[in-house]
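Chain residues, written in single-letter form:
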Amino acid sequence: MTETPPPGFRRRDLLSLIGVAAGSGAMYQAMTSLGFAHSSDYGGPIKLEGDPNGASVLVLGAGLAGMTAAIELRQAGYRVRVLEYNSRAGGRNWSLRGGDSFIELGGATQTCAFDKGLYLNPGPWRIPYHHNAILDYCKRFGVALEPFTQLNHNAFIHASDAFGGKPQRIRSVKADFQGQVAELLAKTTAKGRLDETVTVEDQEILLEAMRDWGALDKDYTYGAGLVSAESRGYAKDPGGGVGAAPTPGAPIALSDLLRSGVWRALGNFAGYEFQTTLMQPVGGMGMIGQAFATRVADIITYNAKVTRIQQSETAVTVAWEDAAHPGAVQTESADWCVCTIPLSILSQIPIDVGPKMQAAIAAVPYAASVKIGLQFKRRFWEEDEAIYGGISYTDLPIQTIGYPQSGFHGEKGVLLGAYMFGPNAFEFTAMSPEERIRRALDYGGRIHPQYAAEFQNGIAVAWHRVPFTLGCAGDWTDETRAAHYDDLCQIDGRVVLAGEHASYLPAWQEGAVLSALDAITRLHRRVIAT
Amino acid sequence: MKRVVALAALAAALANSARADSATSQDLSKGYAKFSEQGGQALYANVCQACHMADGKGAAGAGRYPSLVADPKLEVSGYAVALVVNGQGAMPPVGRMMDDAQVAAVVNYVRTHFGNRFTDAVTKDDVKAARP
């Protein structure tokens, strides 16, 4: 990075630069406060003040939303019970480990054969630094976190119909794309094409910026050489002693970058939710659900399949049956109900709420998504490719290969061998688990040929076949949000809904927790007022 | 405007070349927007089967996927088309990732299989009219 004014940078330019900076002071302040306003609306640990006078709450669902509500309401003095469909707490906060069994809809049973310490997170797998609520609960509940590398410059971007099918290093794609765009802009500037829109002074700064940002040489050109190599890497890395001089490699031509579509993958690192720093719990995302569960284990009834939600002027009554032994209907009553059942399921359960909330519950389809974990007997991605953590992206149906974010130089490892949305997610869901794994090996083997020799076992989770969600997450559109979101979030009599589906952070755990905190804050206000 | 047309032509050319290649290198859909399968049987086996299962009987967990077997609701062809195009409840509007001919093909397939014998086939135009 340039720290002193480069040669040719005149004092007048510096003064104008300072002038610009002074004039933008107010804007900077505005942007900073805007930034804070957007970094989730978590206001610190919830304070539910006032005595609920022994009021009772029935929480439906022991995922993160339900357990957040249960923990905090009990803390505030409520009598709380929780009904959960699964035989474990956590919901989509879930890690599959060796010995775990999973039966999907349709009956296919998989038993995870991973070695001790290895896992797959079928659901959420990363936490952005600004998801303040879930991070605060991790801190308060002693869940150890470690870095989750979203952008590993040495991982791959792979376009199956380009570069002879050879995957490209992210650092080369990024540097070559950025460098050649910078060169184009520099040339355009030098030809005077920007004269009408950019002042002469700013053009000089822009040229310097493009040289710096794009790794251009002294002639504002991006090409093979030691300047670009500092960004894109070398054909032969610098070393020590005799013959240690580095050799730069040749950039990928702009036209090849554009036509291959590899630039699309760069978007996976740009969004707010994917910017450094991201984190994951040590030992699997399920560690969060386990930490929550220890605080409410005594009030959860497992294997409880809710079949009816009724309410009157004075109480909520929920009918349920044993998921393992259906038939005998049992009931549970309380003064209030926090329902976190996914809308995919709630839309099929008779529930006494008004027509607006009914319409909202029925308005949200659930997205298709598939994740596949593959155990290999050798960490070839580290040993052969120097890929330590991070993610490779491909236009093959598997879409994603995620590398273990810790345990480097260990013996074995589990790759996230596929993580897909869209048409491919439906296609993979329609396959048997064995076929999904076979396909993941076939496609992934085109990026890592070591797959065939090193594979040991795998497990595949297709979210539309998951019995407790029937889909990955609520798939809102701008139109359905405008028409239904507010109706979904209202307190209807004695019932309030919570979960990622009742948030503006769909599919994120932060959305589930924030939605629960907001729901119980409003519920508590109503209880105290009555 | 001319540039937009040129880019559209380029995109179409790229899409065509990608399709030609993909026919040999893979049999699943390419990209995030559209299903590539053609014909009712292939569409059912790669899309609908994800939830309604290979035998059309659906499945039940905390909620359920309805059975399509001998389903009297399918008698009204417009109902089936509307479901595929618009979705319903948790069911995604998968028809938005299909063209009109694909939607017609898969609706006709379901209405003539799994114990359903509704022979009044729907057409591309029926689907087009049902799109929002």
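Keep in mind that this is a model prediction, so the values were computed, not measured.

Turning our eyes to something else, we now look at the overall build of chain A. Secondary structure assignment for chain A yields 17 helices and 24 strands. Along the three orthogonal principal directions, the C-alpha set of chain A runs to about 80 × 60 × 40 Å. Looking at chain A as a whole, 54% of its 530 residues qualify as buried. Across chain A, every contact between residues at least 6 apart in sequence was considered, and the portion connecting residues at least 24 apart equals 70%. Here chain A has roughly 22900 Å² of accessible surface; of this, 55% comes from carbon and sulfur atoms. For chain A, the distance from the average site of its 46 positive side-chain charges to the average site of its 55 negative ones is 2 Å.

What follows is about the sheet that holds strand β2 (residues 79-83) of chain A. Residues and elements named next belong to chain A. Spatially, the five strands line up as an open sheet ordered β14-β2-β1-β18-β24, and their pairing is parallel. Across the chains shown, the open sheet's two edge strands, defined by having one partner strand only, are β14 (300-301) and β24 (495-497). Of the strand pairs in this sheet, strand β1 (residues 56-60) and strand β18 (residues 336-339) are connected by four bridges, and their pairing is parallel. Looking at β18, one finds that L58 is bridged to C337. Running over the sheet, helix α3 (residues 64-75) touches β1, β2, β14 and β18 and is turned about 165° from β2. Of the strands in this sheet, β18 and β24 are in contact with helix α17 (residues 509-529), which crosses β18 at around 170°.

Residues and elements named next belong to chain A. In this fold, P506 is placed in the loop between β24 and α17. Expressed as a C-alpha distance, the spacing of P506 and D475, which sit 31 residues apart in the sequence, is 7.6 Å. Apart from the residues within four sequence positions on either side, P506 is in contact with G474, R481 and E500.

Residue and element names in this part refer to chain A. Reading across from one edge, β7-β13-β8 is the order of the three strands in this open sheet, with antiparallel pairing throughout. Strands with a single pairing partner mark the edges of an open sheet, and in this sheet they are β7 (127-128) and β8 (145-148). For β8 and strand β13 (residues 278-281), the ladder comprises four bridges, and the chain directions are antiparallel. Bridge pairing in β13 links L145 to P281.

This part takes up the interface of chain A and chain B. Tallying the contact residues gives 38 residues for chain A and 36 residues for chain B. Together, the buried faces of chain A and chain B total about 2900 Å²; carbon and sulfur atoms form 56% of this surface. For the pair chain A and chain B, the number of links is three salt bridges. Where the side of chain A that touches chain B is concerned, the elements lending two or more residues are α10 (343-346), α13 (423-429) and α14 (433-445) of chain A. Considering every element that reaches the side of chain A that touches chain B, the biggest residue donor is α13 of chain A, with six residues. Tallied by class, residues from the side of chain A that touches chain B come to 19 nonpolar, 11 polar and eight charged.

It is worth spelling out the pattern of salt bridges at this point. Evaluated as defined, the whole model comprises 27 salt bridges over all chains. Of the charged contacts in the structure, one is a salt bridge between D518 of chain A and R522 of chain A, with a shortest N-O distance of 3.0 Å. Taken together, the residues span about one helical turn, with D518 of chain A and R522 of chain A both in helix α17 at a distance of four residues. Take D518 of chain A: its relative accessible area is 38%, and that puts it in the partly exposed class. Here D100 of chain B makes a salt bridge to R131 of chain B, at a shortest N to O gap of 2.8 Å. Linking D100 of chain B in helix α4 (residues 100-111) with R131 of chain B in the segment after α5 (124-130), this pair joins segments that are 31 residues apart in sequence. Classification of D100 of chain B by relative accessible area gives buried; the value is 19%. With relative accessibility at 24%, the residue R131 of chain B sits in the partly exposed group. When salt bridges that share partners are traced, they join R378, E383, D384 and E454 of chain A into one network.

Residues and elements named next belong to chain A. When pLDDT is averaged across chain A, the result is 93; 92% of the residues are at 70 or more. Considering each helix and strand of chain A separately, the mean pLDDT is smallest for helix α2 (residues 25-38), with a value of 37, and largest for β1, with 99. Predicted confidence for residues 1-38 stays below pLDDT 50, and this span has 15 contacts to residues more than four positions away or in other chains.

All names here are of chain A. Mapped onto the secondary structure, F163 falls in the loop between β9 (156-158) and β10 (168-169). Accessibility expressed as a relative area gives 25% for F163, which makes it partly exposed. Setting aside its immediate chain neighbours within four residues, F163 contacts Q168, I252, D256, S260 and V262.

Basis of the calculations
- All residue numbers refer to position in the chain's written sequence, counted from 1.
- Going through the entries in the order they are written, you letter the chains from A and number the ligands from 1.
- Local features in this predicted model are restricted to residues whose pLDDT is 70 or higher, and side-chain atom pairs enter the listing and the counts only when it is 80 or higher, whereas totals over whole chains, interfaces and linings include all residues.
- Side-chain metrics in this entry use all non-hydrogen atoms of the structure; hydrogen atoms and water are not considered.
- Think of it this way: any DSSP run of H or I at least four residues long counts as a helix, any run of E at least two long counts as a strand, and we number them from the N terminus.
- We call a residue buried when its accessible area falls under 20% of the maximum for its residue type, exposed when it is over 50%, and partly exposed in between, using a 1.4 Å probe and counting protein chains only.
- Any two residues whose heavy atoms approach within 4.5 Å are treated as being in contact.
- All accessible-area figures derive from a Shrake-Rupley calculation using a 1.4 Å probe, and residue coverage is judged against the displayed protein chains alone.
- When charges are counted, Lys and Arg are positive and Asp and Glu negative, with His and the chain ends excluded.
- Taken as the charge centre is NZ of Lys, CZ of Arg, CG of Asp or CD of Glu, depending on the residue.
- The pairing criterion is simple: DSSP has to find at least two bridges between the two strands.
- In this analysis an axis means a line fitted to C-alpha atoms, helices contributing only their contacting stretch, and an angle means the value between N-to-C directions, from 0 to 180 degrees.
- Summed over both partners, the accessible surface that disappears when two parts come together, traced with a 1.4 Å probe, is what is meant by buried area.
- By convention in these notes, a salt bridge is any Lys or Arg side-chain nitrogen within 4 Å of a carboxyl oxygen on Asp or Glu.
- Ten residue types, Ala, Val, Leu, Ile, Met, Phe, Trp, Tyr, Cys and Pro, are classed as nonpolar, four, Asp, Glu, Lys and Arg, as charged, and the remainder, Gly among them, as polar.
- The quantity called pLDDT is the predictor's confidence in a given residue, expressed from 0 to 100.

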